[in-house]
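Chain and residue survey
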Amino acid sequence: MLAASAAGLGALGLGGLGTQAHAQSSAAAGAKPLPAVAAWKDPKAMIVHSSNTLETRRAAFGTSVVTPTNRLFVRNNLPAPDASILEHRDAWTVAFEGVKGPRSLTLADLKTLGVETVATVLQCSGNGRGFFPSKPSGTPWQVGAAGCVLWSGVPLRTVIHVLGGAEEGMAYLTGTGGEKLPEGVDPLTVMVERSVPIKALDDALLAWEMNGEPLPLAHGGPLRLIVPGYQGVNNVKYVKRVALTREQSRAGIMANRYRMVPPGGKGNPGLPSVWEMVVKSWINGPLSEEGALRAGWTQIHGVAFAGTREVRGVEVSIDGGMSWHQAQLVGPNLGRFAWRQFVLPVQLSAGTHVLVSRATDAAGNAQPRERVENNSGYNNNSWLDHAVTVTVA
Ligand SMILES: Nc1nc2c(c(=O)[nH]1)N[C@H]1C(S)=C(S)[C@@H](COP(=O)(O)O)O[C@H]1N2
Ligand SMILES: [Mo]
């Protein structure tokens, strides 16, 4: 019986499944070391761009929905605060402003108000920047400045309600990060303070837990503002102030940076900010960069998400986008802010194949073939840029 099934597997060309993982670990051998704040990450799963920028390898996303915390990317604009801020998590204090009863609350206070869990895609707006031929400055992320995370905390709308509700005329929700700012520079040029339209209050969470564990420092512990469906930068870590405001923050990270600046232009508050994420997908396997694949059946798989919208479907092409096949979404569905894994079983013949995926959201928006050119390489959802070329022996 055993012998028969082993022979069957051989006939299916399943002999070489171990090759990829092996080649991956040797590729990581010469890489930069993990920074202290993220020393606990899985080194084989990460690309270390710098001490403040770690990317998940394309081969490391797996086919489950949730991205394990030790494989999730890290992006810090400023060095993370001292680890001592986690010694007394419940004593962490947040100032609430722009409400009828403004005051500070501790994390212990917040924990008495409510608990909810939401799955969201956390993605840096520069994810896919590495595919821009214009080589914008900034980390050349490919696909790995993203992950799907379970966050637990109190809904922000509950806190605002307890504090008497919003003051009249407030248009934005503004979060401020708790980093210690370098001396001798204008705070506005370095502080992490982001504003999002106040409608984000419907879904926003103040989270103290991710993937079932207390928030690690690298991901914003002890407390983080989660704005489901919005680009990573809006999800302020070590949040120390939450304000409902009439205007957007004047901090450089809001006013001039993280804007969709046409090529050659300059950032200014009149240009679109990187807020809601756009429909996007990419293939995570099979990959042949670590050795040729065997001809025969394979399961093409990847991830798809659409910001605040549900993914309606994903099509996959094995000929670079000339013909398309409907992929199957793989469960469980963790809600419209999470990503969906998709799979398409195909038979690949010997030769070179260009695999691409194209997602469509619930409103009918399909992922475009081309990226939108912009100075900083934001919001890249071009299906062509995310193509995977595989060699089959
Ligand atoms: N306080 C604070 N929050 C922050 C940042 C930061 O530097 N400081 N970086 C932002 C950016 S640009 C991204 S992409 C995400 C990255 O989240 P992660 O490091 O948990 O993956 O956090 C956002 N929130
Ligand atoms: Mo980011």
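In the block above lies the structure referred to throughout.
The structure displayed is predicted, hence computed values, not measured ones.

1. Describing the sheet that holds strand 14 (residues 280-285)
Read from one edge to the other, the open sheet built from 4 strands follows the order 14-15-19-18, with strand pairing classed as antiparallel. Either end of the sheet is taken by a strand with one partner, and the two such strands are strand 14 and strand 18 (328-330). Strand-to-strand, the axes of this sheet are offset by a mean angle of 35°, without reference to chain direction. Where strand 15 (residues 296-305) meets strand 19 (residues 340-348), 9 bridges bridge the pair, whose relative direction is antiparallel.

2. Observations concerning the packing of aromatic side chains
The tally for this structure, following the rule as stated, stands at 9 aromatic pairs. Where Trp282 meets Phe305, the ring centres are 5.9 Å apart and the plane angle is 85°; that geometry is what we call edge-to-face. Of this pair, Trp282 sits in strand 14 while Phe305 sits in strand 15, placing them 23 residues apart in sequence. Here Trp282 and Phe305 have matching classes, each one buried. Judged by its relative accessible area of 1%, Phe305 is buried. One residue, Arg358, lies across the ring of Trp324, its end atom 4.1 Å from the ring centre.

3. Re the side chain of Asn127
Among the structural elements, Asn127 can be located in the loop between strand 6 (116-123) and strand 7 (146-155). What makes Asn127 buried here is its relative accessible area of 0%. Among the polar contacts made by the side chain of Asn127, one reaches the main-chain carbonyl oxygen of Val143 at a distance of 3.1 Å. Ignoring any residue separated from it by four or fewer positions in sequence, one finds Asn127 in contact with Trp141, Gln142, Val143, Gly144, Ala145, Ala146, Lys280, Trp282 and Asn380.

Procedures and definitions
- Residues numbered from 1 in each chain as written.
- Chains lettered and ligands numbered in written order.
- Predicted model: local features only at pLDDT ≥ 70, side-chain atom pairs only at ≥ 80, totals over all residues.
- Heavy atoms only, no water.
- Pairing = 2+ DSSP bridges.
- Helix = DSSP H or I, 4+ residues; strand = E, 2+ residues; numbered from the N terminus.
- Axes fitted to C-alpha atoms, helices over the stretch in contact; angles between N-to-C directions.
- Phe/Tyr/Trp six-rings, centres within 6.5 Å; stacked < 30°, edge-to-face > 60°.
- Buried < 20%, exposed > 50% of the residue type's maximum accessible area, 1.4 Å probe, protein only.
- Lys NZ or Arg CZ within 6 Å of the ring centre and 35° of its normal.
- Polar contact = N/O pair within 3.5 Å; in protein donor to acceptor, adjacent residues only side chain to side chain.
- Contact = heavy atoms within 4.5 Å.

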